[in-house]
Amino acid sequence: MTAGRPAEAASLFEQTAGLVRGWDARVAMRSDLFATLAYQLAGDRASAIASRSRAVGSVELASIQDPVVLRLLLETQTSTDGPVEGFSPRAVRAALGRVEMRRGAPQSALLAWRAAESELGALPSLERLRLSQAEALSGLGQDEAAMAMLVGLAQTEVRSEALVMLGLVQLRRGQHSMAL
């Protein structure tokens, strides 16, 4: 692809996916997504759609723990693609935030969750995304901003989780009576 021959690259990525599909589905998915990207660059829309469908056909979003794969899912999504169950840009960005947070990168997680807010879709809910943002803010040591967000979330559907997180932040700050 970097040599400016995306059609050739797509073919090689598809060969790789075919070779590894039986023993490592993660590598096959990544290769299929790179093939999708190469087909898009080559202007072969039909092959790009087929390759992306193969990539997401047998996997659930929650099982993807590789941020590169999640970013490839976002990069290869086109506005004219039909919706793929569980793979909306909002859901993929939210999953990227979870993966980044688990990897110890709260700044990247915060950016992913904020970007997910601006995507269309109902899941995850705005309250869930903001709860995750509060977690990332707390991870960044921005306790005041996290607490302000959590206080606002205490009146929503995520009330119990927001109050627990608020209590944990207050415990960490030494405010034991407030935390209780």
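Attention in this report is confined to the structure presented alongside it. (Residues numbered from 1 in each chain as written. Predicted model: local features only at pLDDT ≥ 70, side-chain atom pairs only at ≥ 80, totals over all residues. Heavy atoms only, no water.)

## Structural notes on the environment of Pro-106
(1) Moving on: Position of Pro-106 among the secondary structure elements: in helix H6 (residues 106-117).
(2) Moving on: Separated by 27 residues in sequence, Pro-106 and Gln-133 have C-alpha atoms that sit 8.9 Å apart.
(3) Moving on: Beyond its immediate sequence surroundings of up to four residues, Pro-106 is in contact with Met-101, Ala-136, Gly-139 and Leu-140. (Helix = DSSP H or I, 4+ residues; strand = E, 2+ residues; numbered from the N terminus. Contact = heavy atoms within 4.5 Å.)

## Some points on helix H2 (residues 25-42)
(1) Moving on: Compared with an ideal rise of 1.5 Å per residue, which puts 18 residues at 26 Å, H2 spans 25 Å between its outermost C-alpha atoms and is within 8% of the ideal.
(2) Moving on: On its buried face, H2 sits against helix H1 (6-20), helix H3 (45-56) and helix H4 (67-76).
(3) Moving on: For H2, the N-terminal capping position is held by Asp-24, with its side-chain oxygen 3.1 Å away from the main-chain nitrogen of Arg-26.
(4) Moving on: At the exit of H2 stands Gly-43, carrying a positive phi of roughly 85°. (Expected span 1.5 Å × (residues − 1). Polar contact = N/O pair within 3.5 Å; in protein donor to acceptor, adjacent residues only side chain to side chain.)

## Some words on the side chain of Arg-90
(1) Moving on: Following the sequence through the fold, Arg-90 ends up in helix H5 (residues 89-102).
(2) Moving on: Buried charged residue Arg-90 carries no salt bridge. Nearest counter-charge: Glu-117, at 6.6 Å.
(3) Moving on: When neighbours within four sequence positions are excluded, Arg-90 is seen to be in contact with Ala-116, Glu-117, Glu-119, Leu-120, Gly-121, Ala-122, Leu-123, Pro-124, Ser-125, Leu-126 and Leu-129. (Buried < 20%, exposed > 50% of the residue type's maximum accessible area, 1.4 Å probe, protein only. Lys, Arg positive; Asp, Glu negative; His and termini not counted. Salt bridge = Lys/Arg side-chain N within 4 Å of Asp/Glu carboxyl O.)

## So, the packing of H5 against H6
(1) Moving on: In the contact formed by H5 and H6, the axes pass within 8 Å of each other and the chain directions differ by 165°. With respect to H6, the axis of H5 lies roughly antiparallel. Here H5 and H6 pass one another in a crossing that is left-handed. Of H6, the residues touching H5 (which contributes Arg-90, Arg-93, Ala-94, Leu-96, Gly-97, Arg-98, Glu-100 and Met-101) are Pro-106, Ser-108, Ala-109, Ala-112, Trp-113, Ala-115, Ala-116 and Glu-117. (Axes fitted to C-alpha atoms, helices over the stretch in contact; angles between N-to-C directions. Parallel < 35°, antiparallel > 145°, perpendicular 65-115°, else oblique. Left-handed = near helix turned anticlockwise from the far one by under 90°.)

## Re the nonpolar core
(1) Moving on: In terms of nonpolar packing, the biggest core is built from 19 residues, with Met-29, Leu-61, Ile-64, Leu-70, Leu-73 and Phe-87 touching the most fellow members.
(2) Moving on: Contributions of two or more residues to this core are made by H2, H3, H4 and H5.
(3) Moving on: If we skip the residues at most four places from it in the chain, Leu-73 touches Met-29, Leu-33, Arg-52, Val-56, Leu-61, Ile-64, Phe-87 and Val-92. (Core = buried A, V, L, I, M, F, W, Y, C linked by side-chain atoms within 4.5 Å.)

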